[in-house]
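A structural walkthrough
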Amino acid sequence: MNRFNRLNEEELLKVKQAGYDVDINEEYGEDDYKRCVNVIGEYIMSHSKNDIPKIENEFINIVRKIS
C-alpha cells in the first residue's frame, strides 16, 4: 500500500514544498518513507528558531501518516 495515498491534496503540496516529489501511482518502500521524513525534518530545521514550532505543527500529521 502506498502510504502517500493517505495524504490529502494540501498535505501532498506541503510534502512537495519541503522538497520531496510524490507520485501517487508509484510504489514506495520503507526507505522512501524514511527519506521523505528526513527531507521534511531538514525543511523544518532550515527555518528560523521562531518559525520551527509552527512549521513542525503543519507537518506532524503528515509524518504520522507516512511513518
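Just above, that's the structure.
Summary of the structure given here. The model shown is predicted, which means the values in this text are computed figures rather than measured ones.

By the element assignment, L12 lies in helix α1 (residues 9-18). Residue L12 is classed as buried on the basis of its relative accessible area of 17%. As for L12 and S67, which are separated by 55 residues in sequence, their C-alpha atoms are 15 Å apart.

Between α1 and helix α2 (residues 30-45), whose axes approach to 9 Å, the crossing angle comes to 70°. Taken as axis vectors, α1 and α2 run roughly perpendicular relative to one another. On the side of α1, the interface is formed by V15, Q17 and A18, while α2 contributes C36, V39, I40 and Y43. When its residues are assigned to classes, the contact of α1 with α2 shows six nonpolar, one polar and no charged.

One finds F4, L7, V15, Y20, C36, I40 and F59 to be the most contacted residues of the largest nonpolar core, which totals 19 residues. When residues of this core are traced back to their parent elements, those giving at least two are α1, α2 and α3 (52-66). Contacts of F4, omitting those with residues within four sequence positions, involve L12, Y20, V22, I24, Y28, Y33, C36 and I66.

Now for α3. Between its terminal C-alpha atoms α3 stretches 20 Å, which fits the 21 Å expected from 15 residues at 1.5 Å a residue. Taking the largest bend as the criterion, α3 deviates by roughly 40°, centred on F59. Turning to α3, its buried residues are I52, I55, F59, I62, V63 and I66. On the buried face of α3, the contacting elements are α1 and α2.

Okay, α2 next. When the terminal C-alpha atoms of α2 are compared, their 23 Å separation across 16 residues agrees well with the 22 Å that a helix rising 1.5 Å per residue should span. The complete set of buried residues in α2 reads Y33, C36, V39, I40, Y43 and I44. Down the axis of α2, the buried set is contained in an arc of 135°. They therefore lie on one face. Structural note: α2 exposes D31, E42 and M45 on the side pointing more than 90 degrees away from its buried face. Buried residues along α2 sit against α1 and α3.

Definitions and cut-offs
- Residues numbered from 1 in each chain as written.
- Predicted model: local features only at pLDDT ≥ 70, side-chain atom pairs only at ≥ 80, totals over all residues.
- Heavy atoms only, no water.
- Helix = DSSP H or I, 4+ residues; strand = E, 2+ residues; numbered from the N terminus.
- Buried < 20%, exposed > 50% of the residue type's maximum accessible area, 1.4 Å probe, protein only.
- Axes fitted to C-alpha atoms, helices over the stretch in contact; angles between N-to-C directions.
- Parallel < 35°, antiparallel > 145°, perpendicular 65-115°, else oblique.
- Contact = heavy atoms within 4.5 Å.
- Nonpolar A, V, L, I, M, F, W, Y, C, P; charged D, E, K, R; others polar.
- Core = buried A, V, L, I, M, F, W, Y, C linked by side-chain atoms within 4.5 Å.
- Expected span 1.5 Å × (residues − 1).
- Bend = angle between axes of the 7 residues up to and from the residue.
- Arc of directions from axis to C-beta.

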